[in-house]
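Residues per chain are reported as follows:
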Amino acid sequence: MMRESERGRMKSGEYLGEISALCFLHPPPPFLPFLLAGTGSQIILYNLVTGKMISSFQVFQGIRVHGISSTIIDFDSTQPPSSSSSFKVAVFGERRVKLFSLHIDSHSNNQLQVCVDLIPFHSLPKFSHWVLDVRFLKDRVTSSHDGNHCLVIGCSDNTVYFWDILHSIINFEVSCPDRCLLYSMRMWGDQVEALHIASGTIYNEIIVWKVICPVKDCLKPANSFDVDLQHQFQQHEAFHVCRLSGHEGSIFRIAWSSNGSKLLSASDDRCARIWSVNTEREGFDNPTQEVVSHSVGPVLFGHSARVWDCCIFDFLIITVGEDCTCRVWGLDGIQLKMIKEHVGRGVWRCLYDPNSSLLVTAGFDSAIKVHQLDVCLSEGSDRSIEVVEGIDKKEIFTLCIPNSSGHVGLMDSKSEYVRCLQFIREDTFYVATNNGYLFHAKLCDTGEVIWTELVRVNEDAPIVCMNLLSTWPSDLSYCIEDWVAVGDGKGSMTVVSILADAGTPKMGLTYSWSAEKERQLLGTFWCKSLGYRFIFTADPRGTLKLWRLCSHSESVAHISMRSCNATLLAEFVSCFGIRLMCLDALLEEEVLVCGDLRGNLVLFPLLRGLFLGTFISSEAKIDPLSYFKGGHGISCVCSVSIATSSSNQVEIHSTGGDGCICYLEYDKDQRCLEFIGMKQVKELSLIRSALSDTNFYGELVTGKYAIGFASADFIIWNLITETKVVQIPCGGWRRPHSYYLGDVPEKKNCFAFVKDEIIYIHRHWVPDSKSEIYPLNLHLQFHGREMHSLCFISEDLRAGSTENKFPCIEPSWIATGCEDGTVRLTRYDPGVENWSASKLLGEHVGGSAVRSICSVSKMHIIAAADMPDGIDRKKTTTLVDGENPFLLISVGAKRVLTAWQQKTRWITSNKKEEEEEEPDDGKGHPSLGALSSISFQWLSTDMPTRNCSTRKKGRNVQKTAENCCNENSDSAVSPKSNKNMDSKSSIPGDEYENDWRYLAVTAFLVKVADSRISVCFIVVACSDATVALRALVLPYRLWFDVALFVPLASPVLALQHVIIPEHLLSEDNYPMGGLYIVISGSTDGSIALWDLSENVSTFMWRVSALQFNDCIDGQKRPRTGRGSQGGRWWRSLYSSSVSNKKAGDSSSTLEKKTDDEPSGTSSNSSSHVERSAANCSEVADPAFLESERKTHDDLLLEICRIWPLHVLNNVHQSGVNCLHVSDIKGSRDSASGFLFYVISGGDDQALHSLRINLALLPLSQHSVKTTTGVHGVAKSESLKSSIHFSRKRNYHIKLCHDNIISAHSSAVKGVWTDGHWVFSTGLDQRVRCWSLEELGKLTERAHLIVSVPEPEALDARACTGNHYQIAVAGCGMQIVEFFAPGAMENGELGGS
């Protein structure tokens, strides 16, 4: 037993979750205010000048901060402003109120360096009801600059308490005559006699009342504050002012205007109401006689869900609600602006500062958004409000092309209008018209526009396409600035060079040639990497032509206007025959990638000989190297770019009309274009382009800004801060339009569009300055809903990574799955801002909730000699770098199973650079910048078809149990088992299949030595009381169903696995073969052990005997609901190997290996590409799909079944919510046995510990007297010991059981153990630490209250042998650190 001094210590970290309170701290002018935000049990201080967190403070234990109130102290308006300020801060939550003294010292006038000190000085007694509002009052004795010494507290029983700050006592309390429970309360006034209280009752009414003092007491002189104030306060009473009715739902928030004449209320009925409340005393001698009048003002309708918060000012009103919008209104009830940037359950709080025009919103998604409103109000009815990115306002130009300025009336066939419009710089753009004119336009600072007619391309045909290429600034001797290419309806191309001469554009070289037949020229494209001499043209049939402009050696000829020709170099023919809309090229990699009108991406070889003139064939027709069908569903590909490249891979980004940014990777060795990820921007329905930028910590280049359209609005969206930079109503993307962005789009952006023959130009171009960029995102944006699962992904667990010598300082990465279907990867760093980054990996199909998530990192090797090929055992069995994948598996509602693979390219490519450039921290430790990052990409999604049913599969398996494919099984079918299966088969059909969901998952990786194929075996539990073993074959991304677990009487809530190695490889310590055991916990409180060893080995045996030829997965990108691919079929390995595939089937073809046929070959011939493209289209045939579905339904009979090894019934009195298995303890000699622990927690508040010792025995050995049992189990006389045998191996299992009946005061939701320590959490909002002692006995060593409401999951990792990090998730996430006694002795507390 440990002594009391050796219990260890737990330390809470920063909470990441909903923001529940906001408060401005106003220093003396002219400084901007600071911002205090309440989240969980802590408050966070932000500097609005830098947009950075200053510090965070823990104020409660397990109590959420509901509100914050502040007042400045020691301020004298007669003195010059100082850089330091002191505040009194009152923080309340539930029934508690605490007072703090906050001192802020700015070291410079711009507030860039700030020191802060928070000192608690009062903790008020616990109130009998919840606190709804607090307010500082000025007493009648002290002056204003001495501060406020009275705090009034309003509670939910409609009572206010007056707290004397100087004497730390409650002077008196006043209760409203209408005693009623409240949902909300808000007080107004700075003195006791002026205090008004507005109370929102449970009856949807607002009671307005005030505190008064009788006349006889008010006439008494106050000679001493200490004596008379106590007597005075005892005489105060409540006076009813008015009752306001009109809401049809609960009143969540009330706000007073600055002068107390108006009230604003926000309600459950999706509206806000304005009330006028005027109170005037008839005479000072009788304060109880008042003239009370109130009127109902405008009703603010607009929110589509509940309104959570509101505030009112002299000229505007702000409301936020559950629909995740912030709406700005005028006092007349007219909506002026709507901002929608939050996600999830809504925006909880809003705050506005009239002096700085800063609007702050915060919500469930943990984000704090800061906007700067530019409000222009006049005395009349015309008013407007804009969200701007700085102090400077936008410029708006309206202009017409020169030839249309004299046109009057409606347009006719001879009218001239704009066909093409494109910016080249912020003050220069080009316009092409239907009459063949090309104009140059220059915007002047005075607001004028200088038009220059450059050329009339064709008098008989309109210009149909235009593209620009700028070579400015250039180092060339001649000052060519712009190249303009236009194509007309006759199929002719014209290229003009524009010379810049003292600001006046002049014509340079002119090229003109016939590129296509009439009406066949639809597009022209420059590629900046190729230069101005090479240009592409596109026709409607998917053919792309590459032209080379003739060169001129005479420098004088460049100044005169001259017509030249172009030479056709090559034709690139798409295998889809659809018009190509965009392209990009990289000559170094000899790659050209194009996107077409139907969402397909085609990749061509771009031979270097075409540009060097060494290509032999003239006008060559080049076929695709590879393609990706339906990258953007059936929507148009709007832009494509080659982002990065490595030695053998090229990364490609594309945007489209489905509102998605897709990331693909081209493997030059395999000649394969592979989908690696996608970002769906829900705020945009069409994305024109995405500005790429290297993300934090060197992650995958995901893009920083998305530019596109949502309905009729042009929008620039910041992908990092999730904020809207620009929104301009323009009528949609079909009108001629153009945009130009500077290095900082928030400050530098231009947009032009055409409407009714008028060109509208919106320009916001602010010179470089140190002013802050708005909108800001102060706090990390996270999940907007509850989380059900999480798992650590630490550096030392990564595939191929070595053990970190300094794990205490390394960052932690946590993967989380949310109710809204999103999967995120979040980084936790030591420092001020612990949560430093959060990356959205993707979303489950249809937003289906993620119920469970697990990581798979360790590869298990099966000896090659056991495989049918008879691979030589002496061959190398080590893994080559990159062959050991790190996977994330997430499952959830609608039976969606998604796999994510770690992206390791950035780590390997930057390794040398990091070693050379990254310094250490002065202590010999690597700096945080030198640490490799972690990023995941989407790998594959498995989802059954609509008519596919796991219940149906279970019945089919039961009907043909004797013919199961597990030919090596020694299991005997007992009558009892058959009876159970028969009763199960009587369950009704599939009418409720949409409600089925996966509840738990566990997975492991298996690989045959010297084989390229690896298999991820995934065990999933469904809500229909079925558990299935599935296999994901890599790198082909093929899904197979291996077996079903039978019998199951109730759904499984928790799954874990343990793998017992037969032996370890001496060099790399990779486990070799062994037992694959799954532990399950069910809703009936039972825990079962299942042996998958024979199923795994049989499946690997069959996989190794098959060859994957021309393998194309049926679904290779996530489905978003915007025209993407459909579901999958239930596929077994055995059916795939024997079924006859029809022509055009794009699913996998598996054949037997022969010595004459190489495996894994890939064809790049044109015929193969055309055949594959045709096959992809044939798969969509409904009759073919129906026939294939019936075929697969018939093949369900071959799915194997697995019987349990051992079942422990009634371990818990109710459902087993969570399980965790410790690491295996044992020697290389398997005969001595392997030891591991299983920890379980359930709804019965209990914690159970199972100590399992498993020893492998020879086939003929039986150590105890046994009697034959079912399922291949021989039971001993002791219930804690049993022998399991089969043809291949026998093993002996010993169980020791211990439990804590009341481990938590509520249901246990998460457990973790490493065999030494156990961590658990439950709905009681506690994290408890237990030590595992002899025979699995649990002893509590420490506990801590966390800020996470309703915890749902827990995971932990060992930083060192004595230091642990524990992550708890539910309504938010929090890190808890545990320091074992050894850590405290070694000084590893990290400053705690």
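Conventions used here
Residues numbered from 1 in each chain as written. Predicted model: local features only at pLDDT ≥ 70, side-chain atom pairs only at ≥ 80, totals over all residues. Heavy atoms only, no water. Buried < 20%, exposed > 50% of the residue type's maximum accessible area, 1.4 Å probe, protein only. Helix = DSSP H or I, 4+ residues; strand = E, 2+ residues; numbered from the N terminus. Pairing = 2+ DSSP bridges. Contact = heavy atoms within 4.5 Å. Axes fitted to C-alpha atoms, helices over the stretch in contact; angles between N-to-C directions. Phe/Tyr/Trp six-rings, centres within 6.5 Å; stacked < 30°, edge-to-face > 60°. Salt bridge = Lys/Arg side-chain N within 4 Å of Asp/Glu carboxyl O. Polar contact = N/O pair within 3.5 Å; in protein donor to acceptor, adjacent residues only side chain to side chain. Patch = residues over 30% accessible without salt bridge, like charges linked within 9 Å, V, L, I, M, F, W, Y side chains within 5 Å. Areas by Shrake-Rupley, 256 points an atom, 1.4 Å probe, with all protein chains shown as cover.

Moving on, we get to the pairing of strand S10 (residues 131–137). Counting buried positions over the seven residues of S10 gives six, a clear majority of the element. The pairing of S10 with strand S11 (residues 150–155) spans six bridges and is antiparallel. Within the sheet, the bridge partner assigned to Phe136 lies in S11 and is Leu151.

Secondary-structure assignment places Gly1372 in strand S97 (residues 1372–1379). On the basis of relative accessibility, which here comes to 5%, the residue Gly1372 falls in the buried class. C-alpha separation for the pair Gly1372 and Glu1352, spaced 20 residues apart in sequence, amounts to 9.9 Å. Once you skip the residues sitting within four places of it in the chain, Gly1372 turns out to touch Tyr15, Leu16, Gly17, Met787 and Val1348.

Read across the sheet, five strands follow the order S39-S40-S41-S43-S47 without closing on themselves; strand pairing throughout is mixed. Strands at the two margins of the open sheet, each flanked by one partner only, are strand S39 (523–526) and strand S47 (620–622). Ignoring which end each strand starts from, the neighbouring axes of this sheet average 25° apart. Relative to S47, strand S43 (residues 566–573) is paired through three bridges, and the arrangement is parallel. Each residue of the ladder has a partner; that of Ala570, found in S47, is Ala620.

What the rule picks out here adds up to 41 aromatic pairs. Here Phe313 and Tyr352 contribute two aromatic rings whose centre-to-centre distance is 5.1 Å and whose plane-to-plane angle is 70°, an arrangement assigned as edge-to-face. Of this pair, Phe313 sits in the loop between strand S22 (307–312) and strand S23 (317–321) while Tyr352 sits in strand S26 (residues 347–353), and the two are 39 residues apart along the sequence. Plain terms: the ring middles of Phe1045 and Trp1090 are 4.8 Å apart, the flat faces sit at 45° to each other, and that makes the pair tilted.

A complete count under the given rule lists 28 salt bridges for this structure. For Arg1341, the salt bridge goes to Glu1333, with nearest N and O atoms at 2.8 Å. Note on Arg1341: relative accessible area 4%, which makes it buried. Each of Asp178, Glu205 and Arg243 takes part in a single network of salt bridges with overlapping partners.

Of all 10 residues making up strand S7 (residues 84–93), nine are buried, and the element is well covered by its neighbours. Pairing of strand S6 (residues 67–73) with S7, which is carried by seven bridges, proceeds in the antiparallel orientation. Bridge pairing in S7 places Ile73 opposite Ser86. Inspection of the sheet shows S7 paired to strand S8 (residues 96–106) by 10 bridges, in the antiparallel sense. Its bridge partner lying in S8, Ala90 is registered against Leu99. In this structure, the hairpin formed by S7 and S8 is closed by a connection of two residues, where Glu94 is found at a positive phi of approximately 55°.

Okay, the sheet that holds S10 next. Taken in spatial order, the four strands line up as S10-S11-S12-S13 in an open sheet, and their pairing is antiparallel. In the strand order of this sheet, the two ends are held by S10 and strand S13 (169–175), each with one partner. Across the sheet, the axes of successive neighbouring strands diverge by a mean angle of 20°, strand direction being ignored. As paired strands, strand S12 (residues 159–164) and S13 are joined by six bridges and run antiparallel to one another. Looking at S13, one finds that Tyr161 is bridged to Glu173.

A separate point is the environment of Glu341. Checked against the element boundaries, Glu341 lands in the loop between strand S25 (335–339) and S26. Given the relative accessible area of 3%, Glu341 is considered buried. The spacing of Glu341 and Glu683 is 342 residues in sequence and 8.6 Å in space, taken between C-alpha atoms. In this structure Glu341 touches Cys324, Lys369, His371, Trp717, Glu722, Thr723, Lys724, Pro775 and Gln781, once residues within four positions along its chain are discounted. At a separation of 2.9 Å, a polar atom in the side chain of Glu341 contacts the side chain of His371. Here Lys724 takes part through its backbone nitrogen, which lies 2.7 Å from a polar atom of the side chain of Glu341.

On the surface, a nonpolar cluster with roughly 430 Å² of combined accessible area is contributed by Leu181, Tyr183, Ile202 and Tyr203. Structurally, the position occupied by Leu181 is in the loop between S13 and strand S14 (182–188).

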